[in-house]
Amino acid sequence: MTSMESPAPITELTESHCPYCALQCAMTISSAGAVSPRMFPTNQGGLCQKGWTSSGLLRSPARLTTPLVRARGMLRPAGWEEALDLVASRLTEIQAQHGRDAVAVFGGGGLTNEKAYLLGKFARVALRTSRIDYNGRFCMSSAASAGLRAFGLDRGLPFPLTDLGEADVVVLVGANPAETMPPFMRHLRRAADGGGLVVVDPRRTLTAESASLHLAPAPGTDLALALGILHSTVADGLLDENYVRRRTTGFADAWRVAAAYWPERVERITGVAAADQRRVADLISTARRAYVLTGRGAEQHATGVDTVSAWINLALAHGLPGNFGSGYGCLTGQGNGQGGREHGQKADQLPGYRSIRDPQARRHMAAVWGVREEELPGPGPSAYELLDALGTPEGPKALLVFGSNPAVSAPRVAHVVDRLSTLDLLVTADLVLSETSALADVVFPVTQWAEEDGTMTNLEGRVLLRRRAVQPPEGVRTDLDVIAGLAHRLGAPGDRFPTDPEAVFAELGAASRGGAADYSGVGYERLKAGEALYWPVRGEGHPGTPRLFTDSFAHPDGRARFTAVDHTGPAEPADDDYPLTATTGRVLEHYQSGAQTRVIEELKAAVGAVFVEVHPDTAARAGLADGELGKVVSRRGEVVARVRCVPSARPDVVFLPFHFPGVQRANLVTNPALDPMSRMPEFKVCAVRLEAVA
Amino acid sequence: MRPRHVVVLGYGMAGARLADEIRRRDPDGERVALTVVGAERHGAYNRVLLPSVVAGTMAADSVRLHGEGWAREHAVDLRLGVEAVDLDLRRGLVRLSDGSELGYDTLVFATGSRPRVPPVEGLSVDGGLTDGVVAFRTLDDCARIERTASRGARIAVLGGGLLGLEAARALAGRGNRVTVVHPAAHVLDRQLDADAAAVLAAALRDAGIELRLRRTAARYLSGDGVKLDDGSTVAADLVVVCTGVRPDTALAERAGIEAEGGIVVNDELRTSDVRVHALGDCARHPGTVTGLVQPAWDQAAVLADLLTGARPSARYRGTSVVTRLKASGVDLTTLGDSHVEPGADAEVLRLHDPVRRRYAKLVLHDERVSSAIMLGFPDAAAALTHLYDRRLVAPSDRLALLVGRALPANTRALAAADLPASAVVCRCNSVSKGRLVTAWRSGSSTVDELAAETRAGTGCGGCADTVRAIADWLARTA
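Residue numbers run consecutively from 1 along every chain, following the written order of its sequence. Chains and ligands are labelled sequentially in the order written, the chains with letters from A and the ligands with numbers from 1. The model is predicted, so local features are restricted to residues of pLDDT at least 70 and side-chain atom pairs to those at 80 or more, both for listing and for counting; the totals for chains, interfaces and linings are taken over all residues. Hydrogens and water are ignored here; the side-chain numbers use all heavy atoms of the structure.

### Describing unusual backbone geometry
Cis geometry marks the peptide bond from Trp535 of chain A to Pro536 of chain A; its omega dihedral reads -5°. Only runs of H or I of at least four residues qualify as helices and only runs of E of at least two qualify as strands under DSSP, and these elements are numbered from the N terminus. Tracing the backbone through its elements, the reader meets Pro536 of chain A in the loop between helix H22 (524-528) and strand S21 (560-561). The backbone of Asp366 of chain B shows a phi angle near 50°, a positive value even though the residue is not glycine. Tracing the backbone through its elements, the reader meets Asp366 of chain B in the loop between strand S26 (358-365) and strand S27 (368-375).

Right, dumping it as C-alpha cells:
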C-alpha cells in the first residue's frame, strides 16, 4: 500500500463542490483534505452529513492505489502498462472476433463533463461501438424525455434554484430532498411557512413532515393524482385560459383524458382525498409564484415519462412554465446528472444534447472528431437492455464501467450480476473495490473529485468548476488518463484523446456549439472568475441563460405541448400471493449504491445496513416486531432486512433503501419493467410479501 | 377473418366507454367493426360533471367525452340523433328511428335510464315536461336551466336523493334560492341514518338551501310554484325534477329479453339472448347497484375484453358501492349499505359532532370495513374507501382511522427540556440533544458555536429554532 499522507507542506484552501448529489454544495477543501461549507447561492452555507464527511474517502484505507488484474480467479496488483496493454489487446481480439458492438461501455452521472464527453467519444471513435449507456437511465431519464416532449428542451431546473425561495407554493412530487439534498430545503422555507409546501409521496418522509399538505398516493398512482388535480383545476374554473391559448398546444386532447378523472374517482384510485386534490389546484391558482417539481418517485416507473408529463400538464394549465418566478422542474439526482446526460454517454445522444439519429448532428460531430460520418455508430440499447444482453450470443462480450456500480444499482440485480459473470472481459475504473469491481477482470484505480480538475453541471444547469485541492495517492490516475491510454493502444492518433481536463473541456465546448446544451462560451477562465454560467452559453461574450422559456419554448412553433396521458397503473400490481407494494429510495447518510459512503465510519455508524420500513400492523401480521429481521420476497428475489416499524407508513407499502450490498440489495426484488420511451426501470413499485426469517 | 359487427345502442357514459375500451384493444378495427347509436344530437359527454356546468365553473364543451373527429379517427360508424325502435333477435336486425336497419353479430344495450317524473298535476304535458319544469339529466337540461332561471331566481328541487342534492348545491352556488322537497323524514334516506342526515341537512342549510321534508308535491302552477301536500306553496320560477330514474328497458322487453328492474345480465354481461349484452344503468347485475358510473366503466372493460377476444376469461364480478355527494363545501362518502343492522359480530364506531357538521360511522366485520358513513372527514374517507375497495385489513388504531388527519402528532412542540438526550435534533447531521449538551458544556455556548462544533443546523437548517431553544434552556438552567 502506498502512503496516504498528503505531501503538501503548507495548508492551502481550495474552493470546490461536494462529490455527491446534484445540489453540488459549495465547500472549501484544505490541502490537508479537510472540508468545510462555503456560502453559495444553492447551499447557502449548508452541508449535510455526507458532505461533511466526504473527505474521509480521500484518505480511506479502502482506496485502490494500483491496477488489479485477475489471475487464477484472484484480483492481484499489476502495473499500469501491463493492465492497459492487457485490456487493449483483449478488446481488439474480442472486436475482431465478434464485431465492434461486442464491446460495451457503461458510464455514470457522477462523472465530470470532461469524462462523460471523452467516454462517449472513446466509444464512438476509438471502439466504434454503439453499445454505450449510463446509470442516468436509472435516474432522471423519464423527466428528461417528458421535458423534451413538453418544452423541446430538457434542463432539470430551467431557472436558478434561488427563485424557489420566492415562491408561495411548491408542489414536490416524489422527491425527498430533506434526505437526498438537505440544504435544498432552505429554499422551500418561505413556501412551507406560508402553508404552500405540498409534498406528494406514499411515505411520510422527512420532507413530507415539513409539508403544509402531504398527499400519500398508493405507489404507482401519481399519474392519476395529477389528472385529478388537473380536473379540479378545470372544473373549479381555475384554468389559465389566456396562457393555454397563447403559449401552448394540445390542451383539448389532454383535457379529454383528464375529464374522466374527477377527484372522487381519483380518490378511489390513489387514496388521496378529493378535497385535497381540489386544495392543491386552489393553492397553485391563488399563488403569486408557484412551482411543480418532480423527483425519482414520479419518474422511476414503467410509465415514468407519462407520469411526469401529467404533472407538466398541470403546471401548464396553471400557466407556470416560462412565467418569471414560476415553473416546472425536475430535481436531478446524481452529482453531474445534468451534464452527464448532455455530452454523449447516452445511447442515443451526441455532445451538446444532440440526437445521434439527426444527420446534421452526425455531420457536425464527425467534423469535430475528424472522422467520417458513416463511421459513427447509430443509437444503441438503453442501460438495462444493455446489461441484460451481456454475454448472450448476440450481446456484448466485454464491458468497461466508469463511475457506476450496476452490481448494486441496477434493477433485478441478481440477474444483472449473472450477466456480468458471463462476460469475457469486465473492466472498471474505480476509487474503491465496489461490488462491480469485485467481479471485474481488470480494475483501474482512479482519482476522485478533490484530486483533479473538472466541471460539473448542477441541477439548475449551472456549470461549476471543481479544482484539484489535494494530491492524489501515489499510483492512481484520472479516468481521462485511462480512456486516453486505452484509446492510444487501440490506434487513435496521439492528440485525439487529451488528458488535460481544460483541453478536454475546450473540445467539449466546440463540440456542443450550436447544440441545445451549448457550452461553447463556458471556459475555465470565466468559471475561475466566479461567473454564474447557465447553459446555453452561446459563445464567449454570451452571458448564459439562467431562465429558459421566458419568451418562447424550444419547439419550432415556440409553444409548450400538453400531452394526452392516461393512467394505467403499475406493471406488477399487488395480488394474493404478493399482497404488499415495495418501493425503494434513499437515506440521508448514503449516496447511490453506497460504494463511497459505506466506507465512511460515521455514516456507517448512523445507518449501517438495509432496513425495511413498515406499518406496525403489517409487521405484526407477518409475525415480526420492530428490530427483528424480516424477509421481503418478490417474484425475482428476496432481501433480508431489519424491520423498522413506522406508524405513519401506509399499511399496504414497504420501503427499502437501495444503498446496501450483497443480500441486502433492495434491487434483488425490483421489477425491470421499462418505460417505453425513457427506458427507465420501475424501481418504485413491485409486488412483494413480508415474511419472518425462518 | 371478417370482424365481428358490434352494434352499441346508446352513446352515453357506458356506450362511449365501451367504444373506447374496444378501440384500445383493437385500434384498427381488425376484430370488431363498431356501430354506435346515440339518441341525442350531440356527442357523448360526462354526466358526472353536469353540476359544474350548472354551477357555471365549467363550459358545456369541457364535459364532452370525445373530440370532433373521434368516430372517424377510430373507425366507428356513429349514428347520432336516432334511436333503435325495433329489434328482431332471430334475424339479428335492429331498426332505427330514421327507418334504416342494422344487422349485428353482437348487440349491446347501453341505453341508460330515464328520469322518473312523479304523477303530479301540472308537471308534464303530452308525455313531456311543462314549461318551467326540467329534469337534471342531460346537457340540454343544463342549457334549459341556464335559459329559464336567472341567477337569483327561486328554484324548487323535487327529490332529496344524491342527484337532487347535487343539483340543489350547484344551483345555490350559482346564486339561486333553492328549496328541496323530499317525501322521507330525512334527505339521502337510501344512504344515511337519521343522525348523519340531520348533520348533512344542517350543512345544506349553511349553504342557503331550504329543506321541506316529509312533503310531496301535489300540484305545479306555472309561474307560481309548487303546492305541497300540506297545502303550503314553494314559490319557484323553475322546478327541477330529481325523483329517481328507471332503466330504459322498453325495447329489450318488447323483443322478449328478460328484464326486471333492468336488463338481467350474467358475469359475461350477457342477457337472456346469447347475442345480446347490456351494461351500465340499463343493466341489472347482482353485484352492484345502478346510477353510478364506476360499475358501468368496470363492465365496459370486461365486455371489451370479451368482444375483442383480448381476454376471453374476463368476468364481471361486481363493483363495491361507494357513493359520494359531489357538492361544494360538503364532503360525504358512504360505503356499502349502512342500513344493514350490524349484528352482534360487528364492530361499530361512531362519532357525532353536529356543531362542526361532522359525523362518522364505521362498521367492521373480521377486521375489514363493511360499511361507513363519513361526513366532514375527507381524508379519513379516502383511506377508508381504499381499505373497503381492496378488502384490506383495517389498521388497529381505529381512532386514527376514524378521524384521519384530524389529530396530527406534533413532536416539534416538545419543549427543549422535555426532549430525551437521545432525540435527534439535526437529522441532516445525526446530532442528538445529548451531543449538543456535551458541546455546550465544553464551551460552545452560542448557536453558531454549537453549529461549528456539532454541525447541527448546517444541513437543511430546519432545526435552527430547536438548537436555539436548547441553547437558551442550557443557559437558563446551567
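### Re empty space enclosed by the protein
Residues and elements named next belong to chain A. Buriedness for pockets is judged along seven lines, at least five of which must meet protein on both sides within 12 Å for an open set on the 1 Å grid over protein atoms alone, while cavities are sets there where a 1.4 Å probe fits but cannot get out, and lining residues have an atom within 4 Å of a point. Grid points are joined across faces, edges and corners, and a volume is the space filled by probe spheres set on the points. What the rule picks out here adds up to 9 cavities of 30 Å³ or more. Roughly 550 Å³ of volume is contained in the largest cavity. Gly110, Gly403, Ser404, Leu431 and Gln596 are the residues nearest the centre of the largest cavity, which is lined by 34 residues in total. Going through the elements one at a time, strand S16 (398-402) and strand S17 (425-430) are the ones with two or more residues in the lining of the largest cavity. A total of 3 residues in the lining of the largest cavity trace back to one element, the largest contributor, which is S17.

### A closer look at the UniProt feature "domain: FAD/NAD(P)-binding" (unreviewed entry) in chain B
In this structure's numbering, the residues bearing the UniProt feature "domain: FAD/NAD(P)-binding" (unreviewed entry) are residues 5-299 of chain B. From the first C-alpha to the last, residues 5-299 of chain B spans 19 Å; its make-up is 24% helix and 29% strand. UniProt positions are given in the numbering used here, feature names are shortened, and annotations may be inferred rather than shown by experiment.

### Examining the state of the cysteines
All names here are of chain A. Note that a disulfide, as used here, is simply two cysteine sulfur atoms within 2.5 Å. Counted under the stated rule, the structure contains 0 disulfides over all chains. Residue Cys25 stays outside any disulfide, its sulfur separated by 6.0 Å from that of Cys21, the closest cysteine. Cys18 supplies the cysteine sulfur nearest to Cys48, a cysteine that is in no disulfide, at a spacing of 6.4 Å.

### Some details on the UniProt feature "domain: 4Fe-4S Mo/W bis-MGD-type" (unreviewed entry) in chain A
The sites that carry the UniProt feature "domain: 4Fe-4S Mo/W bis-MGD-type" (unreviewed entry) are, in the present numbering, residues 11-60 of chain A. Between the C-alpha atoms that bound residues 11-60 of chain A there is a distance of 20 Å. The span itself is 8% helix and 26% strand.

### Considerations on the nonpolar core
Core analysis: the largest hydrophobic core is formed by 233 residues, its most contacted members being Trp311, Phe444 and Phe497 of chain A together with Phe109, Leu200 and Val240 of chain B. By definition, residues are in contact when any of their heavy atoms lie within 4.5 Å. Contact partners of Phe444 of chain A, with chain neighbours within four places excluded, come to Pro67, Trp80, Ala83, Leu84, Val87, Val427, Thr428, Ala429, Asp430 and Val482 of chain A. To form a nonpolar core, buried Ala, Val, Leu, Ile, Met, Phe, Trp, Tyr and Cys residues must be joined to one another through side-chain atoms within 4.5 Å. The classification of residues rests on relative accessible area computed with a 1.4 Å probe and restricted to protein chains. Under 20% of the type maximum is buried, over 50% is exposed, and intermediate values are partly exposed. Leu161 and Leu172 of chain A together with Ala423 and Ala456 of chain B belong to the second-largest nonpolar core, a separate cluster that totals 61 residues.

### Let's talk about the sheet that holds strand S18 (residues 442-445) of chain A
Residues and elements named next belong to chain A. Only strands that DSSP links by at least two bridges are regarded as paired with each other. Across the sheet, which stays open at both edges, the 7 strands sit in the order S5-S4-S18-S17-S16-S6-S7 with mixed pairing between neighbours. Every interior strand has two partners, whereas the edge strands, strand S5 (74-77) and strand S7 (132-134), have only one. Across the sheet, the axes of successive neighbouring strands diverge by a mean angle of 20°, strand direction being ignored. In this structure, S17 lies alongside S18, joined through 4 bridges in parallel fashion. Note that in S18 the partner of Asp430 across the bridge is Pro445. In this analysis an axis means a line fitted to C-alpha atoms, helices contributing only their contacting stretch, and an angle means the value between N-to-C directions, from 0 to 180 degrees.

### Considering the domain arrangement of chain B
What fixes the domain bounds is an automatic or database domain assignment. Looking at chain B, the domain boundaries give domain 1 (4-112 + 246-308), domain 2 (124-243), domain 3 (329-406) and domain 4 (411-477). Domain 1 of chain B and domain 4 of chain B are separated by 67 Å when their C-alpha centres are compared.

### Brief notes about the sheet that holds strand S16 (residues 225-228) of chain B
Residue and element names in this part refer to chain B. The strand order across the open sheet built from 3 strands is S15-S16-S17, with neighbouring strands paired in antiparallel fashion. Each end of this open sheet is capped by a strand with a single partner; those strands are strand S15 (217-221) and strand S17 (233-235). Strand-to-strand twist across the sheet, computed as the mean angle between neighbouring axes with direction ignored, equals 20°. Both S16 and S17 contribute to a ladder of 3 bridges, which runs antiparallel. In the strand pairing of S17, Val226 is matched with Val234.

### A word on the environment of Tyr117 of chain A
Residue and element names in this part refer to chain A. Mapped onto the fold, Tyr117 is located in helix H3 (residues 113-127). By relative accessible area, Tyr117 is classed as buried at 0%. Each C-alpha atom of the pair Tyr117 and Gly339 lies 9.4 Å from the other, and the pair is 222 residues apart in sequence. When near neighbours in sequence (up to four residues on either side) are disregarded, Tyr117 contacts His343, Pro351, Val368, Trp369, Val504, Glu507, Leu508 and Ala511. For the purposes of these results, a polar contact is taken to be a pair of N or O atoms within 3.5 Å, where, inside protein, one atom must be able to donate a hydrogen and its partner to accept one; residues adjacent in sequence count only when each atom of the pair is a side-chain atom. Looking at Tyr117, its side chain comes within polar contact range of the side chain of Trp369, at 2.9 Å.

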